[in-house]
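Breakdown of the fold
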Amino acid sequence: MGELETLRGIAAVLEVSCPFEFQDVFIRELAIDSRKVVMSAQSLFFAISGDRHDGHNFIEPLYEKGVRAFVVNNDYAASDKLDDAFFIRVENPLVALQTVAAAKRAQFNYPLIGVTGSNGKTIIKEWLYQLLSSNYNIVRSPKSYNSQVGVPLSVWRMKSENNLAIIEAGISMPGEMVKLEGIIRPTIGIFTNLGQAHDENFTDGNQKAREKLDLFQNV
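Residues numbered from 1 in each chain as written. Predicted model: local features only at pLDDT ≥ 70, side-chain atom pairs only at ≥ 80, totals over all residues. Heavy atoms only, no water.

Before going further, it helps to spend a moment on the overall build of the protein. When helices and strands are counted, the protein shows seven helices and eight strands. Against the compact-globule benchmark of 17 Å for 219 residues, the protein has a radius of gyration of 18 Å, which places it among compact chains. The burial tally for the protein puts 46% of its 219 residues in the buried class. Restricting to contacts in the protein with at least 6 residues of sequence separation, those with at least 24 account for 61%. Total accessible area on the protein is roughly 11100 Å²; 49% of this is exposed by carbon and sulfur atoms. Within the protein, one finds 22 positive and 26 negative side-chain charges whose respective centroids are separated by 7 Å. (Helix = DSSP H or I, 4+ residues; strand = E, 2+ residues; numbered from the N terminus. Rg over C-alpha atoms; globule rule 2.2 N^0.38 Å. Buried < 20%, exposed > 50% of the residue type's maximum accessible area, 1.4 Å probe, protein only. Contact = heavy atoms within 4.5 Å. Areas by Shrake-Rupley, 256 points an atom, 1.4 Å probe, with all protein chains shown as cover. Lys, Arg positive; Asp, Glu negative; His and termini not counted. Charge placed at Lys NZ, Arg CZ, Asp CG, Glu CD.)

Let's shift gears to the sheet that holds strand S4 (residues 86-90). Spatially, S1-S2-S3-S4 is the arrangement adopted by the four strands of the open sheet, whose pairing is parallel. Unpaired on one side and paired on the other, strand S1 (29-31) and S4 mark the two borders of the sheet. When the angles between neighbouring strand axes are averaged without regard to direction, this sheet yields 20 degrees. Taken together, the three bridges between strand S2 (residues 43-46) and strand S3 (residues 69-73) define a ladder with parallel strand orientation. Across the sheet, residue Phe46 finds its bridge partner in S3, namely Val71. (Pairing = 2+ DSSP bridges. Axes fitted to C-alpha atoms, helices over the stretch in contact; angles between N-to-C directions.)

Take the side chain of Glu176 next. Along the chain, the position of Glu176 falls in helix H6 (residues 176-184). Apart from the residues within four sequence positions on either side, Glu176 is in contact with Gln148 and Ile171.

We now examine the nonpolar core. Counting residues in hydrophobic clusters, the biggest one holds 22 residues, and the most contacted among them are Leu7, Ile10, Leu30, Leu44 and Phe46. Among all residues touching Leu44, those that are not within four sequence positions of it are Leu7, Ile10, Ile27, Glu29, Leu30, Ala31, Ala69, Phe70 and Val71. (Core = buried A, V, L, I, M, F, W, Y, C linked by side-chain atoms within 4.5 Å.)

Here helix H3 (residues 93-105) crosses H6 at 40 degrees, and the two axes come no closer than 7 Å. Between H3 and H6, the interaxial angle falls into the category oblique. Contacts between H3 and H6 involve Gln98, Ala101, Ala102 and Arg105 from the first element and Gly182, Ile183 and Ile184 from the second. A per-class count over the contact of H3 with H6 returns four nonpolar, two polar and one charged. (Parallel < 35°, antiparallel > 145°, perpendicular 65-115°, else oblique. Nonpolar A, V, L, I, M, F, W, Y, C, P; charged D, E, K, R; others polar.)

As structure tokens, then:
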């Protein structure tokens, strides 16, 4: 078990002090969806605020399920009944999630294939996995986890026993791929194609292509 898999290690990455009683708590699962928390005692929930939901609204129900570690906005006011929970207070829980994942990625130097493009990312990833899994111990993105939250959750799955990673990355807005590149840091890049998905958010196809190619600036 690495230092980063403990609350002490995660708190250090986020530059937050960790109470003694939580320092050696092993974190197996980073969670952003209260419905998908499985290992409550070993979960760290990131209360991310989105267009439709605010993760802070699910903290108390998760506490009732046994979750005791949360990453929250600085201004979150915790109820007195949550006094035995650990709150890591940050400016932005999404950025915190990405920061933790980037630190996890930095622990490993085995090859990582980054896959992007308008279509076919998941198919290519799964195809590569089937072709290479007899020769490599592969960690890969689950399902189509390729967004600003999906990529960190995928990278968190990287382990020392693996010797190859396949991570997909998707964007819908300018500026997003630079953030994903800093988390994934691929050593090999695959660009599936350039289609019309999310055209409305880019000036033209050339801009969208340049944004996607940001994933490969260091391969």
